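# Inside the fold
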Amino acid sequence: MTLGLDILLLSVDPNLRVVREREYTGYAMRAADLIELAVARRVETHGRWSDWIHVLDARPTGEPLLDASLASLATSCKRVDATGWICRQPGRGVVTDGLALLEAQQAVRLYARRLNSRLTLIEPALLDPARQAQIRARLDRFTAAGGAADVLDWALAGLVHECDLWIPGHYDRAAQRMYKEAARGKRGTGPADPVEATIRLLMRAAHNARNLRDLTGGA
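Residues numbered from 1 in each chain as written. Predicted model: local features only at pLDDT ≥ 70, side-chain atom pairs only at ≥ 80, totals over all residues. Heavy atoms only, no water.

### So, the overall build of the protein chain
A tally of regular secondary structure across the protein chain gives nine helices and seven strands. A globule of 219 residues ought to have a C-alpha radius of gyration of about 17 Å, and the protein chain, at 17 Å, matches this closely. Dimensions of the protein chain, computed from the C-alpha atoms along their principal axes, are close to 50 × 45 × 35 Å. Counting every position in the protein chain, which comprises 219 residues, the buried fraction comes to 49%. For the protein chain, the proportion of contacts with a sequence separation of at least 24, taken over those separated by at least 6, is 64%. Entry remark: accessible area of the protein chain is about 10700 Å², with carbon and sulfur atoms responsible for 50%. In the protein chain, which carries 30 positive and 26 negative side-chain charges, the distance between the mean positions of the two groups comes to 5 Å. (Helix = DSSP H or I, 4+ residues; strand = E, 2+ residues; numbered from the N terminus. Rg over C-alpha atoms; globule rule 2.2 N^0.38 Å. Buried < 20%, exposed > 50% of the residue type's maximum accessible area, 1.4 Å probe, protein only. Contact = heavy atoms within 4.5 Å. Areas by Shrake-Rupley, 256 points an atom, 1.4 Å probe, with all protein chains shown as cover. Lys, Arg positive; Asp, Glu negative; His and termini not counted. Charge placed at Lys NZ, Arg CZ, Asp CG, Glu CD.)

Right, dumping it as structure tokens:
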């Protein structure tokens, strides 16, 4: 289970049987792939204030979504900046791919929801609420641990804020302030831990991708 799949399962509304904030969830999933690859020392960013992505190790990880992202980065003939890469990856595509993996894991059951004569979305009905609750508990664990939280719990909370994700059954103002602190606080701002500095930059790249989508109307 990857951080991106965790984000996707969190975004499944068990009552409406849809992925809430589908486009934003896709951006968060793409950023989560980059974050996991950075933690695994497969990629890094160049420069403290730059989000150019450099591949350190292109060998497959064994996780389908991570390997697809890693291959996309490794085979690019141009320099890749994180914000641009997140924007260029279709949010609906990564969500659809992730839903297929969740269905194979029996976490959801998929069905087609027709929006109009030209657009049909693949949506999930939640089959494993306990698993979704376990992922929500990671956010609780972050709020309890604060600055001492596990690096991926910190990243999860930061992406929830930066991509303005709606987490079913898990909204309160105190928690939202903690998620904002995860994204905009001091962690990852110093030179001592380059991986955490990369994660913070990638959180911001996800936010920038979301803003660009809003400015262009999804074009």
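### Remarks on the nonpolar core
Within soluble globular proteins, side chains that are nonpolar tend to cluster in buried spots. By size, the foremost hydrophobic cluster in this structure holds 61 residues, and its most contacted members are Leu3, Ile7 and Leu159. No other element matches the ten residues that helix α2 (residues 22-39) contributes to this core. Non-local contacts of Leu3, meaning those with residues more than four positions away in its chain, are made with Ala32, Ile35, Glu36, Arg138, Leu152, Ala155, Leu156 and Leu159. (Core = buried A, V, L, I, M, F, W, Y, C linked by side-chain atoms within 4.5 Å.)

### Things to note about the packing of aromatic side chains
Tallied over the entire structure, the rule returns zero aromatic pairs. Here the basic side chain of Arg20 rests over the ring of Trp166, its NZ or CZ set 3.8 Å away from the ring centre. The residue whose ring lies beneath Arg79 is Trp52, and the NZ or CZ to ring-centre distance is 3.8 Å. (Phe/Tyr/Trp six-rings, centres within 6.5 Å; stacked < 30°, edge-to-face > 60°. Lys NZ or Arg CZ within 6 Å of the ring centre and 35° of its normal.)

### Description of the pattern of salt bridges
Enumeration according to the criterion identifies ten salt bridges in this entry. Taking the shortest distance from any N to any O, the salt bridge between Arg20 and Asp13 comes out at 3.0 Å. Residue classification places Arg20 among the partly exposed positions, given a relative accessible area of 24%. The class of Asp13 is buried, set by a relative accessible area of 4%. Taking the shortest distance from any N to any O, the salt bridge between Arg187 and Glu196 comes out at 2.9 Å. Salt bridges sharing partners connect three or more residues here, namely Asp6, Arg138, Arg141 and Asp153. (Salt bridge = Lys/Arg side-chain N within 4 Å of Asp/Glu carboxyl O.)

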